[in-house]
Amino acid sequence: MPLDKVDDSELKFPDQFKVLRIYLDSNNDSILEMAHTALIIERDGNLYLLEEKNPCYPFQISEFNSLEEVHTYYNHIYKQNKEIYLNKDKSIVS
């Protein structure tokens, strides 16, 4: 997906739902490869991540306390530079 088209691919959900998209570096400065899409549900101060890791397995839901924990989770899965977006915004964790 060209970098200038990332904002055009947005799905719309109520405020308590966010689409999480992970893009990996394709070794081309102007192209990112979408690697994963999941849904984050905010409820009672927790984040619930709904995802399907493999098309052969059912969806799974995981509970996190913060977005930083979600980033740590994906850092263990993907071992290269990645960009994480929540809805249209790039997710920055310091």
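Residues numbered from 1 in each chain as written. Predicted model: local features only at pLDDT ≥ 70, side-chain atom pairs only at ≥ 80, totals over all residues. Heavy atoms only, no water.

S.K.: Explain the pattern of salt bridges to me, and be specific about the residues and the numbers.
M.R.: Considering all chains together, one arrives at two salt bridges under this definition. Put simply, aspartate 44 and arginine 43 hold a salt bridge, and the shortest N to O gap is 3.8 Å. No difference in accessibility class separates aspartate 44 from arginine 43, as the two residues are exposed. (Salt bridge = Lys/Arg side-chain N within 4 Å of Asp/Glu carboxyl O. Buried < 20%, exposed > 50% of the residue type's maximum accessible area, 1.4 Å probe, protein only.)

S.K.: Account for the confidence of the model for the chain, naming residues and giving values.
M.R.: Detailed reading of predicted coordinates is not advised where the pLDDT is low. Looking at the chain, pLDDT values average 76 and 72% of them are 70 or higher. At the level of individual helices and strands, the chain shows its lowest average pLDDT in strand β5 (residues 82–86), which scores 75, and its highest in strand β4 (residues 60–64), which scores 93. (pLDDT = per-residue confidence, 0-100. Helix = DSSP H or I, 4+ residues; strand = E, 2+ residues; numbered from the N terminus.)

S.K.: Could you give an account of the pairing of β5, naming the residues involved and the relevant values?
M.R.: Where β5 lies against strand β6 (residues 89–90), two bridges are found, and the strand directions are antiparallel. Bridge pairing links leucine 86 to aspartate 89 in β6. Between the antiparallel neighbours β5 and β6 lie two residues, among them asparagine 87 with a positive phi of about 55°. (Pairing = 2+ DSSP bridges.)

S.K.: Would you mind going over the environment of isoleucine 41 in detail, with residue names and values included?
M.R.: Within the fold, isoleucine 41 resides in strand β2 (residues 31–43). Each C-alpha atom, one on isoleucine 41 and one on glutamate 63, is 9.5 Å from the other, the two residues being 22 residues apart in sequence.

S.K.: Got a sec to walk through a nonpolar patch on the surface? Specific residues and values, please.
M.R.: Together, Leu50, Phe59 and Ile61 give the surface a local cluster of nonpolar side chains, amounting to about 300 Å² of exposed area. As for its position among the elements, leucine 50 is in strand β3 (residues 46–51). Residue class for leucine 50 comes out partly exposed when judged on its relative accessible area of 31%. (Patch = residues over 30% accessible without salt bridge, like charges linked within 9 Å, V, L, I, M, F, W, Y side chains within 5 Å. Areas by Shrake-Rupley, 256 points an atom, 1.4 Å probe, with all protein chains shown as cover.)

S.K.: Requested: an account of unusual backbone geometry, with residues and values cited.
M.R.: Phi angles above zero are rare outside glycine, and aspartate 44 is one such case at about 50°. Summarising the element assignment, aspartate 44 is placed in the loop between β2 and β3.

S.K.: Would you mind going over the packing of aromatic side chains in detail, with residue names and values included?
M.R.: Per the stated rule, a full pass over the model turns up two aromatic pairs. Seen in terms of ring centroids, tyrosine 73 and tyrosine 74 are 4.8 Å apart; in terms of plane orientation they differ by 70°. Their pairing is edge-to-face. Relative accessible area serves as the criterion here: at 16%, tyrosine 73 is assigned to the buried category. These aromatic residues form a ring-pair network of at least three members: Phe64, Tyr73 and Tyr74. (Phe/Tyr/Trp six-rings, centres within 6.5 Å; stacked < 30°, edge-to-face > 60°.)

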